[in-house]
Amino acid sequence: MGSWGAGRPYDPAAGQPAALRWLTGEDWRPALRALIAPTAVLLLAALIAAIPDDYGYSFYFEAPGFDDRFGSALAMALAALGAPFRFGVDLGTLRGAGASETTVRLVPMTVTAAWLFALWLGLRAGARTRQARTGEQQTRRQAAAEALRTALVAGGVTVLLGLVAGARWHPGGSRGSDRPGDFDYSGLFGRATYTTDAGWLQAAGWTALLAGLLAFAVHGTDALRWAAWRNRAVRGWAVAGLSAGRALAFTVGLSALAAFVLIAVQGEGWQTGVSVAFLPNAGLLLLGIGSGATLRGGSDDGRGGSTGPWEADGRADGADLSFFDLHGESADWRWTGLLALAAAAYLGWTAYRRQLDAADRLRLAAIHAAGLTLLMTVAGALVSSGATSTYSGRSRDLGHEYSAGLVFGTVLAANAVWAAVGALALPPLLTAVRGGAPAGPLAAVPPQSGPLDAADLTPGAAPHSAPGAAPHSAPGTAPAPATEPFAPGLGVSEVVGSHGAPTPPAAPPADPGDPPSDPSVWRKHP
């Protein structure tokens, strides 16, 4: 009956719908394994924040239990993925009671960086396992499919965490303060209900976007290598992107270290511990001020009135702080300019070391300025609160909004200027001071750039082999077993090189039916 005994292998998924076969196939296993470590990072961050049980309000009521603290901490940890944290208080039906809700939008970038790093490690391990098992290089379509699966799994995991995050706590055993002269809050806070929650829907969207982009970057390495071989512009953007990424990592790391030193010296013990989750935020704000951007902090009461943290000086513009106008603040803020100088110097040294030409240095400046502007934009904080109070049968709605961050226009202008100084102006100066040939195009290969030397580029010359490798096969003959000069395990950074692009491959055969001269480069791609 059916296919039994017909000599065809039995496939239990043959009769299933295509969508179900796609969802239950083995291709989902790499995405599931890659999300284990990032999920553990979020749970560990929530566990660290939930362990302390005394936050300074023990004279009002007893601290919540560990389950309530862990649920609230998990809701705060999801803020690293773009989820707004909500805290609500319901005072019940007392005379003069009401309800309030506060929404905090503040990204703990330390947790975000740890999540991205753990996901990158998982994706890279999955890509290497697949390469070792199949020996095939992924095409753009395969990389896009893997990125889609990773994005869906990451979004689903975030939804599950968001559904279990949060807490609803009604304090029992409330007590008044033992300090003389303090107001007795036991009757008020003891009957209140506290709730915490996270905007998991927004977090799921941002998680899917970040995970999909990172997965496509990891699994699309082979396709990017192939495109970089064939297109000079793609190779230039790849080199600029890698260089800008490393410069951004150095800049943010140095700024975070400076912020940690300042907080550790001037703050208290608990402030130093809490600040670890927000060190990149503080460092980026310091770097923004040192670059010349404007830091703006203030509040809006919803009726057109606004205040600022420096309003006590009696100035209407007291809510702004700039490197060029410190509003009577300490001159120690001038030291933040060293961060901007260090970032520009490192960017210029990177462009000089890689011997980038003018076009690639322009690409480097554009990517660096855009990336740093994006990071500084999300480094700020926004707190909005709304409350409804009832007193003597009369209801009134109250609202307030607090914000602190860098002004976008000033950030964009400052980063563009410093990126131009670092990527465009410093490399020619370094070349003039240190000597050496000016930067040439990426096609120029220095002697140490790869396993092929300059003789391989000579028309009609027999290509030389790398040390320890078998000679390359001549066009039209079967390739001899040799070490591939561009093995599938190499990444984009190895292909483009630290000092230029790799050696161009030999020209393809005139007849498409003839065997290629280098099967590791000239292969069929969509």
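None of the values given here were measured: they were computed from a predicted structure.

Participant: Which residues make up empty space enclosed by the protein, and what are the values?
Facilitator: With the rule as written, the count across this model stands at three cavities of 30 Å³ or more. Put simply, the largest cavity is a space of about 80 Å³. As for the largest cavity, its lining consists of L287, S291, A340, A343, A344, L347, H368, L372, N415, W418 and A419. Of all the secondary-structure elements, those providing two or more residues to the lining of the largest cavity are α12 (279-291), α13 (337-353), α14 (358-377) and α15 (408-434). Of the residues forming the lining of the largest cavity, the biggest block, four residues, is contributed by α13. For the lining of the largest cavity, the residue count by class is eight nonpolar, three polar and no charged.

Participant: Would you mind going over the environment of T102 in detail, with residue names and values included?
Facilitator: With respect to the element layout, T102 can be found in strand β2 (residues 98-106). Note on T102: relative accessible area 22%, which makes it partly exposed. A sequence separation of 297 residues divides T102 from G399, and the C-alpha atoms of the two residues are 9.6 Å apart. Contacts of T102, omitting those with residues within four sequence positions, involve F85, R86, F87, V383, S384 and S385.

Participant: How would you sum up the packing of α14 against α15? Please name residues and give values.
Facilitator: Two elements in contact, α14 and α15, have axes separated by 8 Å at closest approach and are oriented at 150°. In terms of axis orientation, α14 runs roughly antiparallel to α15. Taken as a pair, α14 and α15 cross one another with a handedness that is right-handed. Of the residues in α15, those touching α14 at R361, L362, L364, A365, H368, A369, L372, T373, M376 and T377 are F408, V411, L412, N415, A416, A419, A420, A423, L424, P427 and P428. Taken together, the residues that form the contact of α14 with α15 break down as 16 nonpolar, four polar and one charged.

Participant: Can you tell me about the packing of aromatic side chains, naming the residues and giving the values?
Facilitator: Under the definition given, this model contains seven aromatic pairs. Between F66 and F70, the aromatic rings sit 6.0 Å apart at their centres with planes inclined by 25°, giving stacked as the arrangement. Residue F66 and its partner F70 are both found in helix α4 (residues 66-77); the two are separated by four residues, about one turn of the helix. Relative to Y352, the ring of W349 lies with its centre 5.6 Å away and its plane at 40°, an arrangement referred to as tilted. Taken together, the residues W349 and Y352, both in helix α13 and three residues apart, mark about one turn of the helix. Residue class for W349 comes out partly exposed when judged on its relative accessible area of 34%. A connected cluster of aromatic rings, assembled from ring pairs, spans F87, W169 and Y194. Lying over the aromatic face of F323, R334 brings its terminal NZ or CZ to 5.3 Å of the ring centre.

Participant: How would you summarise the environment of M109 if you had to cite specific residues and measurements?
Facilitator: Mapped onto the elements of the fold, M109 is located in helix α5 (residues 109-134). Given the relative accessible area of 11%, M109 is considered buried. Counting along the chain gives 169 residues from M109 to F278, while the straight-line C-alpha distance between them is 5.9 Å. Aside from chain neighbours lying at most four places away, what touches M109 is A277, P280, N281, L284, L375, V378 and A379.

Participant: Now, about the environment of A419: what can you tell me, with residues and values included?
Facilitator: Topologically, A419 is positioned in helix α15. Separated by 47 residues in sequence, A419 and L372 place their C-alpha atoms 9.7 Å apart. When near neighbours in sequence (up to four residues on either side) are disregarded, A419 contacts L347, A365, H368, A369 and L424.

Participant: Help me get a handle on the nonpolar core, residues and values and all.
Facilitator: Among the nonpolar cores identified, the biggest contains 31 residues, and L42, L78, L81, W115, L119 and L123 are the most heavily contacted of them. Elements supplying a minimum of two residues to this core: α2 (29-34), α3 (36-50), α4, α5, α6 (140-164) and α8 (200-219). Element by element, the count of residues in this core is highest for α8, at five residues. Apart from residues lying up to four places away in sequence, L42 is in contact with L74, A77, L78, L81, V111, W115 and L161. Counting residues in hydrophobic clusters, the runner-up holds 19 residues, among them V252, L286, L295 and M376.

Participant: An account of the pattern of salt bridges is requested, with residue identities and associated values reported.
Facilitator: Within this structure, the stated rule accounts for six salt bridges. In this structure, R149 and E146 form a salt bridge, with 2.9 Å as the shortest nitrogen-oxygen distance. With R149 and E146 both in helix α6, this residue pair falls three residues apart, about one helical turn. This pair shows no difference in class: R149 is buried, exactly as E146 is. Between R232 and D360 there is a salt bridge, with its nearest N and O atoms 3.0 Å apart. One end of the pair, R232, is in helix α10 (residues 232-266); the other, D360, is in helix α14, and 128 residues separate them in sequence. Among the residues examined, D360 registers a relative accessible area of 0% and is labelled buried. Within the structure, one salt-bridge network assembled from shared partners comprises R232, D357, D360 and R363.

Participant: Could you give me a rundown of α6, with the residues and numbers involved?
Facilitator: If you check α6, its first and last C-alpha atoms are 36 Å apart, about what 25 residues at 1.5 Å a residue would give, namely 36 Å. Following α6 by one or two positions, G166 has its phi on the positive side, about 95°.

Participant: Please give an account of the side chain of D357 that cites residues and values.
Facilitator: The topology assignment puts D357 in the loop between α13 and α14. Take D357: its relative accessible area is 15%, and that puts it in the buried class. Of note is the side chain of D357, whose polar atom sits 3.0 Å from the backbone nitrogen of D360.

Participant: I'd love a proper account of the packing of α10 against α14, names of residues and values included.
Facilitator: At their nearest, the axes of α10 and α14 sit 8 Å apart, and the two run at 45° to each other. What the angle tells us is that α10 and α14 run oblique. The handedness of the crossing between α10 and α14 comes out as right-handed. Listed contacts from α14 to R232, A233, G236, W237, A240, G241, S243, A244, A247, L248, T251 and V252 of α10 are D360, R363, L364, I367, H368, G371, L372 and L375.

Participant: Can you tell me about a nonpolar patch on the surface, naming the residues and giving the values?
Facilitator: A cluster of nonpolar side chains, F250, L254, L257, F260, V261, V265 and V276, forms an exposed patch at the surface whose accessible area comes to about 570 Å². Here V261 shows up in helix α10.

Conventions used here
Residue positions within a chain follow its written sequence, with the count starting from 1. Predicted model: local features are reported for residues with pLDDT of at least 70 only, side-chain atom pairs are reported and counted for 80 or more only, and whole-chain, interface and lining totals are derived from all residues. Side-chain descriptors were evaluated using all non-hydrogen atoms of the structure, hydrogens and water having been removed beforehand. We place a 1 Å grid over just the protein atoms. Points where a 1.4 Å probe fits but has no way out form a cavity, open points with protein on both sides within 12 Å along at least 5 of 7 lines form a pocket, and any residue with an atom within 4 Å of a point lines it. Grid points are joined across faces, edges and corners, and a volume is the space filled by probe spheres set on the points. Helix numbering and strand numbering both begin at the N terminus, where a helix is a DSSP run of H or I of at least 4 residues and a strand a DSSP run of E of at least 2. Residues were grouped as follows: Ala, Val, Leu, Ile, Met, Phe, Trp, Tyr, Cys and Pro as nonpolar; Asp, Glu, Lys and Arg as charged; and all remaining residues, including Gly, as polar. Burial status follows relative accessibility: with a 1.4 Å probe on protein chains alone, a residue under 20% of its type maximum counts as buried, one over 50% as exposed, and anything between as partly exposed. Working rule for contacts: check all heavy atoms of both residues, and any pair within 4.5 Å makes them a contact. Between N-to-C directions, angles span 0 to 180 degrees; the directions come from axes that are lines fitted to C-alpha atoms, helices contributing only their stretch in contact. Geometric relationships in this document are graded by angle, where less than 35 degrees denotes roughly parallel, more than 145 denotes roughly antiparallel, 65 to 115 denotes roughly perpendicular, and other angles denote oblique. Left-handed is the label given to a crossing in which the near helix is rotated counterclockwise from the far helix by less than a right angle, and right-handed is the label when the rotation is clockwise. Here a pair means two rings of Phe, Tyr or Trp (six-membered ring of Trp) with centres within 6.5 Å. Their orientation is stacked below 30 degrees between planes, edge-to-face above 60, and tilted elsewhere. Counting as a charge over the ring demands two things of the Lys NZ or Arg CZ atom: a distance within 6 Å of the ring centre and an angle within 35 degrees of the ring normal. What is meant by a nonpolar core is a set of buried Ala, Val, Leu, Ile, Met, Phe, Trp, Tyr and Cys residues, joined one to another through side-chain atoms within 4.5 Å. Salt bridges are defined as contacts in which a side-chain nitrogen from Lys or Arg sits within 4 Å of a carboxyl oxygen from Asp or Glu. The span one expects for a helix is its residue count, reduced by one, times 1.5 Å. Whenever a nitrogen or oxygen atom comes within 3.5 Å of another N or O atom, the pair is scored as a polar contact, on the condition that within protein one atom can donate a hydrogen and the other can accept it, and that pairs from neighbouring residues in sequence are kept only if both atoms are in side chains. Exposure above 30% relative accessible area and no salt bridge define the residues that can form patches, which grow by joining like charges within 9 Å and nonpolar side chains of Val, Leu, Ile, Met, Phe, Trp and Tyr within 5 Å. Each accessible area is a Shrake-Rupley estimate made with a 1.4 Å probe; only the visible protein chains count as cover when residues are assessed.

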